[in-house]
Amino acid sequence: MVNHQEPGAPTRYAVIGSPIAHSKSPLIHSLFAEQTKQHLTYEAIEVLEAEFVSFVNAFFESGGGGLNVTLPHKERAFALAEVATPRASLARAVNTLSLNKAGQLEGDNTDGAGLLNDLCLNHGISIESKRLLILGAGGATRGVLAAIADLANKPAAITVANRTPAKATALASDFASRLAITASGYDALDEQQFDVIINGTSASLGGELPPVPPSVIAPDCCCYDMMYAAEPTLFLKWAKAQGAAQAIDGLGMLVGQAALAFTRWRGIEPTTADVIQALRVHP
């Protein structure tokens, strides 16, 4: 693919999905650009399923520098990419698209690494040799597992729990050669405790909780919700009520995955702390 960028013009970037009006990505990337003095534009564009392939091709052919991809297109982006990073291949989903030096459409998945950076670097939570529970067996969980599989120092044990145990079993089997991982239904968690619990479902934004027994929370347990809102999510309220030592929302993950995409595109690494704080103050 040939990229026809106009000389001297700011490089164009965008996030695409449907719906997309709520996206904070344009604000995040504008703050990164200001911080690192990069000459670029970034916008949110609604792209429907039927338009996805033609839009992506036209965007890069007209000089676009990179795309972030959100729901419902991450699996579609993986299928369209001509080459993919190892973590994107493991996740079978792509949230970052760019053209490599050979002009090929390259896909990456920065979601899981963004979460781990937030959890481990921003909050000082180590998952090395810990008992880790991940709720949900969808694409979000797959992305996190792909990032964990890249770590040199991995958790002692990972359990993936889902309303449909067979879905958790299928997901766990994909990572069994790389991780100490088992699958479970929610009702089978009763006799177990975990040091870190990650909610990979969107249930709490809909006013629901995954049916997890309170007994899963070990002393000093950290609970992390991939979702975020202006107020603590229902899952985080539940976690604190059950005695979790820390309850963390997914805002840092959102900013973290964006920073990794920005670095991939621009070759310069932005800092995230000020951007996270700005979004906390002006949600």
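The structure displayed is predicted, hence computed values, not measured ones. (Residues numbered from 1 in each chain as written. Predicted model: local features only at pLDDT ≥ 70, side-chain atom pairs only at ≥ 80, totals over all residues. Heavy atoms only, no water.)

Draft legend 1. Examining the packing of aromatic side chains more closely. Tallying each qualifying case throughout the model produces six aromatic pairs. Taking 5.5 Å as the distance between ring centres and 65° as the angle between the ring planes, the aromatic pair formed by phenylalanine 32 and phenylalanine 262 counts as edge-to-face. Residue phenylalanine 32 is located in helix H1 (residues 25-36), and its partner phenylalanine 262 is located in helix H9 (residues 251-266); the two are separated by 230 residues in the primary sequence. On the basis of relative accessible area, phenylalanine 32 is assigned to the buried category, the value being 0%. Using a relative accessible area of 1% as the deciding quantity, one classes phenylalanine 262 as buried. Through pairs of rings, three or more aromatic residues link up here, namely Tyr13, Tyr42 and Trp265. (Phe/Tyr/Trp six-rings, centres within 6.5 Å; stacked < 30°, edge-to-face > 60°. Helix = DSSP H or I, 4+ residues; strand = E, 2+ residues; numbered from the N terminus. Buried < 20%, exposed > 50% of the residue type's maximum accessible area, 1.4 Å probe, protein only.)

Draft legend 2. Just the environment of alanine 239, in detail. Tracing the sequence through the fold places alanine 239 in helix H8 (residues 234-241). Using a relative accessible area of 0% as the deciding quantity, one classes alanine 239 as buried. For the pair alanine 239 and aspartate 225, spaced 14 residues apart in sequence, the C-alpha to C-alpha distance is 9.9 Å. Contact partners of alanine 239, with chain neighbours within four places excluded, come to Ile217, Cys223 and Ala244. (Contact = heavy atoms within 4.5 Å.)

Draft legend 3. Molecular detail of the sheet that holds strand S4 (residues 83-84). Within the open sheet, the six strands sit side by side as S2-S1-S3-S5-S6-S4. Their pairing is mixed. In this open sheet, the two strands that pair with only one neighbour each are strand S2 (40-46) and S4. In terms of strand pairing, strand S1 (residues 11-17) meets strand S3 (residues 66-69) through four bridges, oriented parallel. In the sheet register, isoleucine 16 faces S3, and the bridge partner there is valine 69. Each of S1, S2 and S3 is contacted by H1, which is oriented at about 175° to S2, the strand it contacts most. The strands touched by H9 within the sheet are S1, S2, S3, strand S5 (96-99) and strand S6 (105-108), with S5 carrying the most contacts at an inclination of about 0°. (Pairing = 2+ DSSP bridges. Axes fitted to C-alpha atoms, helices over the stretch in contact; angles between N-to-C directions.)

Draft legend 4. Representation of unusual backbone geometry in the model. Here serine 18 and proline 19 are connected by a cis peptide whose omega angle stands at 0°. Locating proline 19 in the fold gives a position in the loop between S1 and H1. In this structure, the amide linkage connecting leucine 71 to the following residue, proline 72, adopts the cis form with an omega of 5°. In the Ramachandran plot, arginine 92 falls in the positive-phi region, its phi being about 55° despite a non-glycine side chain. Here arginine 92 lies in the loop between helix H4 (86-91) and S5. Residue class for arginine 92 comes out partly exposed when judged on its relative accessible area of 44%. Within the chain, aspartate 220 stands out as a residue other than glycine whose phi angle is a positive 65°.

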